[in-house]
Amino acid sequence: MTGTDLTTSATPPGRPRDDRADQSDRGDQSARTDRTDRSNRAERAERADQSDRSDRDNRADRADRTDRIDRAAVPRARVRHNDYGSLLPPDLGGWEPRLRVSVVIPAHDCQEALDRTLAGLAAQTYPAHLMEVVVADDGSDPPLRVPEITPANTRLVRVPEGHWGRGWARQTGAVAAAGDVLHWVDSDMILDREHVEAHMRWHHLAPYAVVMGDVRFTPDGADPSAREVFSAVEAGDAEKLFDESAPHEWRAGVLEETRWLRDAGAGAYRLHSGATTSVPVALLRSVGGVNTTLNMGEDTDLGFRLAQAGAVFVPDPRARAWHLGPSTVMIREKEVHRHNWSVLPDLIPDLRWLRTHPRRAWLVPYVHVVVDARGASYEDVRASVDSALAGTLVDVAVTVVGPWADLPAGRRPSLDEPLLDLRLVRNLYVHEPRVSFTEEAPAGSAPAPFRLTVPAGWALGADSLAELVKLAEREEYGLLSAALDEGASGVRAARFERTAAFARAALVSEGADDGGDGLDDAVHEMFGSLWVGAAEVGVTTADEAEPVAGDTAKWRADSARWKREAESLRGEVESLRAETERLRAEAGRLAGERRRGPLGRITSVARRRGKTG
């Protein structure tokens, strides 16, 4: 593999940092040298890139063509859960890259920090003709500029007028990106010379890898100049600039406990951070990009949605980076959590401890239930939908599938119209916020982590959804099938699907004849699947089901009352036990006195009164 074609700085790599004063005295000469260096780098990078593109204005079209070619060439490895150990990345420097990477830097009023970040990127080993840098300026005043020491293919974009914040900055940069892979980098980061290359190795192995760099935090005041950064990174000595850096303790602990996320399962996304993370552009676009309404917590939200799209999260220790100074979370952790935990519960149903309210609805449900109303009676559909809404797991949304467009809008016989049952179903649920209507069964349920498809006429028990979730989480199954009955066409089942499992199965099966059972087979291979009986999870026919009644809040109140009564009885038992022990001790004392006779009793009484030794 060939490194970047960059002219080295005028300052020798081994020069001590206190030469900055001398460099300042030679400011004009350094500026001229920088301009010459940049000109030479741009000319050589342009020559290297001419074979791939003839015109910068056509970058997006060519990127789309390259994306289709290169994505088809990426192996579709089948990684089980988040155990990426089956992927074997090549040695750094010993392979030939194909994919283009867009490094996106959201930035606001941070020219000096941005200069250092870009200087580190200018010394990367990943080929210059396969790398571009997009700086998304989030309304800086004065506007940010491209400094002298920077990668050849660097450009600035501005967040649209009237918008602001990290979410908008990240999404603005993502929209402008032309690469196959988008590599987020914060504007206060210094990347080691092989950082981008380390990331990109994984993207050549799987189209759903989300790679996270190994970040260390420096003490306040560790602010080398941009030229020092470039020289140190180019020489492979960046770590010498930050002798006292340290990893984030919580992150380091999670990595140690989970074998660097290989055992993290569905929770691996919680380490996702925009400081230095890369993601295939196609995968990012499939989840809708960055949530522009968020100015904090956008990284966690995006990580969760990428997980539901089938992502595998790979922390690479070879992708070293340094964050200048402690992060906001490290300085103001409680305040950050207080802020984010007012927003994220609506978006991430996996954060169960933040969804403690027993009645309210959430934007993203924990379980999405799909009921097919086509050809079914009103009573059967109602039994299935009502039972799904009335369970102990209230974090549910229901989609009813039917030919709703066929319902006439004009004059009709109210009791005799052909689609009367369908009309009655719509009448009943049209104003229920947790119920929606669709013509065809939705292809997926993302970002809801689970989906249950149940035929109309089958009713869920009060704990059916809770039991299915518990069973799925026990071994992180991708599919649970509850056998309902068997007919001429085979076994009919209710299907409980893990969204992430089926999304990844679709990715690894893309382009292959793998529909239907093929997807189920891929899910079984990567996540596991299990058949259970309907009775095991409390599912029964509408005719046999208990009427939907009761109130989960009332059940909780009853439970709390019973708990209080149990505590009260436990206290009475303890009191009686203590009284029994006292009486037993007294009986033993009296029995001893009787054995000793009158003198013994006198001595005993005197001893108690302190009359004898």
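Everything below is about the structure shown above.
A brief look at the structure comes next. What you see as residue numbers is a count from 1 along each chain, following the sequence as written. Whole-chain, interface and lining totals are the exception, using all residues; otherwise, since this is a predicted model, local features are given only for residues with pLDDT of at least 70 and side-chain atom pairs are given and counted only at 80 or more. Hydrogens are left out, water is left out, and the side-chain values use all remaining heavy atoms of the structure.

Considerations on the overall build of the protein chain
Alright, step 1. For the protein chain, the count of helices and strands is 19 helices and 18 strands.
Alright, step 2. Across the 613 residues of the protein chain, 48% fall into the buried class.
Alright, step 3. In this analysis, two residues are considered to be in contact whenever any of their non-hydrogen atoms come within 4.5 Å of each other. Within the protein chain, residue pairs in contact and separated by at least 24 positions form 77% of the contacts whose partners lie at least 6 positions apart.
Alright, step 4. Surface accessibility follows the Shrake-Rupley procedure with a 1.4 Å probe radius. Residue values consider only the protein chains on display as shielding. For the protein chain, the exposed area adds up to about 30,300 Å²; of that, 50% sits on carbon and sulfur atoms. Numbering of helices and strands starts at the N terminus; helices are DSSP runs of H or I of at least 4 residues and strands are runs of E of at least 2. Partly exposed residues are those whose accessible area sits between 20% and 50% of the maximum for their type, while under 20% is buried and over 50% is exposed, using a 1.4 Å probe and protein chains only.

What about the pairing of strand β11 (residues 396-401)?
Looking along a regular strand, one sees side chains alternate from face to face of the sheet.
Alright, step 1. Most of β11 sits out of view: five of its six residues are buried.
Alright, step 2. Pairing between strands is defined by DSSP: at least two bridges between them are needed. Looking at chain direction, strand β10 (residues 367-372) and β11 are connected through six bridges and run parallel. Opposite Val371, over in β11, you have Val400 as the bridge partner.
Alright, step 3. Tracing the backbone out of β10, into helix α14 (residues 378-389) and back to the parallel element β11 gives a crossover that is right-handed.
Alright, step 4. Pairing analysis gives four bridges linking β11 to strand β12 (residues 435-438), with the strands arranged parallel. Within the sheet, the bridge partner assigned to Thr399 lies in β12 and is Ser436. Note on handedness: a crossover is taken as right-handed if, strands pointing away from the viewer, the path from the first strand over the helix to the second is clockwise.

Some details on the side chain of Arg251
Alright, step 1. By secondary structure assignment, the location of Arg251 is in helix α8 (residues 249-257).
Alright, step 2. Not counting the four nearest positions on each side in its chain, Arg251 is found in contact with Met212, Gly213, Asp214, Val215, Leu271 and Pro315.

Here we look at the nonpolar core
Alright, step 1. Counting 59 residues, the largest nonpolar core has Leu182, Trp184, Leu261, Leu306 and Phe313 as the members making the most contacts within it.
Alright, step 2. Considering every element that reaches this core, the biggest residue donor is helix α17 (residues 499-508), with five residues.
Alright, step 3. Apart from the residues lying within four places of it in its own chain, the contact partners of Leu261 are Asn82, Tyr84, Met212, Val254, Leu255, Ala268, Leu271, Phe313 and Pro315.
Alright, step 4. For this analysis, a nonpolar core means a set of buried residues of the types Ala, Val, Leu, Ile, Met, Phe, Trp, Tyr and Cys, connected via side-chain atoms within 4.5 Å. Of all hydrophobic cores here, the second largest spans 41 residues; its members include Phe450, Tyr477, Val532 and Ala534.

With respect to empty space enclosed by the protein
Regions of empty space are outlined by a rolling probe, equal in size to a water molecule, passed over the atoms.
Alright, step 1. Cavity: a set of points on a 1 Å grid over the protein atoms alone where a 1.4 Å probe fits but cannot get out. Pocket: an open set with protein on both sides within 12 Å along at least five of seven lines, its lining residues, like those of a cavity, having an atom within 4 Å of a point. Grid points are joined across faces, edges and corners, and a volume is the space filled by probe spheres set on the points. Here the structure, examined in full by the defined rule, presents six cavities of 30 Å³ or more.
Alright, step 2. Taken as a whole, the largest cavity encloses approximately 250 Å³ of empty space.
Alright, step 3. Looking at the largest cavity, it is lined by 20 residues, and the ones nearest its centre are Gly265, Ala266, Ala307, Arg498 and Ala500.
Alright, step 4. Broken down by secondary-structure element, the contributors of at least two residues to the lining of the largest cavity are α10 (298-308) and α17.
Alright, step 5. Counting residues per element, the lining of the largest cavity draws most heavily on α10, which supplies three residues.
Alright, step 6. Gly counts as polar in this scheme, as do all residues outside two lists: the nonpolar Ala, Val, Leu, Ile, Met, Phe, Trp, Tyr, Cys and Pro, and the charged Asp, Glu, Lys and Arg. Of the residues belonging to the lining of the largest cavity, the class tally is eleven nonpolar, four polar and five charged.

Describing the layout of surface pockets
Alright, step 1. What the largest pocket holds in volume is close to 1,700 Å³.
Alright, step 2. For the largest pocket, the lining is made up of 49 residues, of which Arg166, Ser273, Asp299, Ser327 and Val329 are closest to its centre.
Alright, step 3. Elements that contribute at least two residues to the lining of the largest pocket include exactly β1 (101-107), α5 (166-176), β6 (209-217), α8, β8 (276-280), α10, α11 (328-331) and α12 (333-340).

Overview of the packing of aromatic side chains
Alright, step 1. Only Phe, Tyr and Trp rings take part, Trp by its six-membered ring, and two of them pair if their centres are within 6.5 Å. Stacked means planes under 30 degrees apart, edge-to-face means over 60, and tilted covers everything else. Scanning the model with the defined rule gives eight aromatic pairs in all.
Alright, step 2. Ring geometry for Tyr269 and Phe304: centres 5.5 Å apart, planes at 70°, overall edge-to-face. One end of the pair, Tyr269, is in the loop between α8 and β8; the other, Phe304, is in helix α10, and 35 residues separate them in sequence. Of the two residues, Tyr269 and Phe304, both sit in the buried class.
Alright, step 3. An aromatic cluster is built from Tyr366, Phe450 and Phe496, whose rings are joined through pairwise contacts.
Alright, step 4. One Lys or Arg, Arg352, reaches over the ring of Tyr366 and ends 3.9 Å from the middle of that ring.
Alright, step 5. Of note, Arg360 hangs over the ring of Trp362, and the distance from its end group to the ring centre comes to 3.7 Å. Geometrically, a charge over a ring is one whose NZ (Lys) or CZ (Arg) sits within 6 Å of the ring centre while staying within 35 degrees of the ring normal.

Some remarks on the sheet that holds strand β13 (residues 450-455)
Alright, step 1. Judged by pairing direction, the sheet is mixed, and its seven strands sit side by side in the order β12-β11-β10-β13-β16-β15-β17 without closing on themselves. Looking at the sheet topology across the chains shown, the edges are occupied by β12 and β17 (529-533). With strand direction ignored, the average angle separating the axes of adjacent strands in the sheet is 25°.
Alright, step 2. Bridge count between β13 and strand β16 (residues 490-498): four bridges; the pairing is antiparallel. Within β16, the residue paired with Thr453 across the bridge is Arg495. In this analysis an axis means a line fitted to C-alpha atoms, helices contributing only their contacting stretch, and an angle means the value between N-to-C directions, from 0 to 180 degrees.

Describing helix α15 (residues 420-429)
Alright, step 1. Looking only at α15, the buried set comprises Leu420, Leu422, Arg423, Val425 and Tyr429.
Alright, step 2. Of the surrounding secondary structure, the elements contacted by the buried residues of α15 are α14, β11 and β12.

Quick notes on the pattern of salt bridges
Alright, step 1. When a carboxyl oxygen of Asp or Glu is within 4 Å of a side-chain nitrogen of Lys or Arg, the pair counts as a salt bridge. This structure, assessed with the given rule, holds 35 salt bridges.
Alright, step 2. Arg158 is paired through a salt bridge with Asp137; the nearest N and O atoms lie 2.7 Å apart. In this pair, Arg158 is assigned in strand β3 (residues 154-158) and Asp137 in strand β2 (residues 131-137), connecting sequence segments 21 residues apart.
Alright, step 3. On the basis of relative accessibility, which here comes to 44%, the residue Arg158 falls in the partly exposed class.
Alright, step 4. Ionic pairing is found between Asp395 and Arg355, a salt bridge with its closest N-O pair at 2.5 Å. In this pair, Asp395 sits in the loop between α14 and β11 while Arg355 sits in the loop between α13 (344-347) and β10, placing the two residues 40 residues apart along the sequence.
Alright, step 5. Of the residues examined, Asp395 reaches a relative accessible area of 6% and is grouped as buried.
Alright, step 6. Owing to a relative accessible area of 8%, Arg355 belongs among the buried residues under this scheme.
Alright, step 7. Within this structure, Arg166, Arg170, Asp186, Glu298 and Asp299 form a network of salt bridges that share partners.

A word on the environment of Ala177
Alright, step 1. Here Ala177 shows up in the loop between α5 and β4 (181-185).
Alright, step 2. Residue classification places Ala177 among the buried residues on the basis of a relative accessible area of 7%.
Alright, step 3. Placed 75 residues apart in sequence, Ala177 and Ser102 show a C-alpha to C-alpha distance of 5.7 Å.

Some words on the packing of helix α4 (residues 111-121) against helix α7 (residues 226-234)
Alright, step 1. The contact between α4 and α7 brings their axes to 8 Å, and the two run at 20°. As the angle between them shows, α4 and α7 are arranged roughly parallel. Every pair of crossing elements has a handedness; the one defined by α4 and α7 is right-handed. Contacts between α4 and α7 involve Asp115, Arg116, Ala119 and Gly120 on the former and, on the latter, Ala226, Val229, Phe230 and Val233.
Alright, step 2. Partitioned by chemical class, the residues of the contact of α4 with α7 number five nonpolar, one polar and two charged. Between 65 and 115 degrees an angle is taken as roughly perpendicular, under 35 as roughly parallel, over 145 as roughly antiparallel, and anywhere else as oblique. In a left-handed crossing the near helix is turned counterclockwise from the far helix by less than a right angle, and in a right-handed crossing that turn is clockwise.

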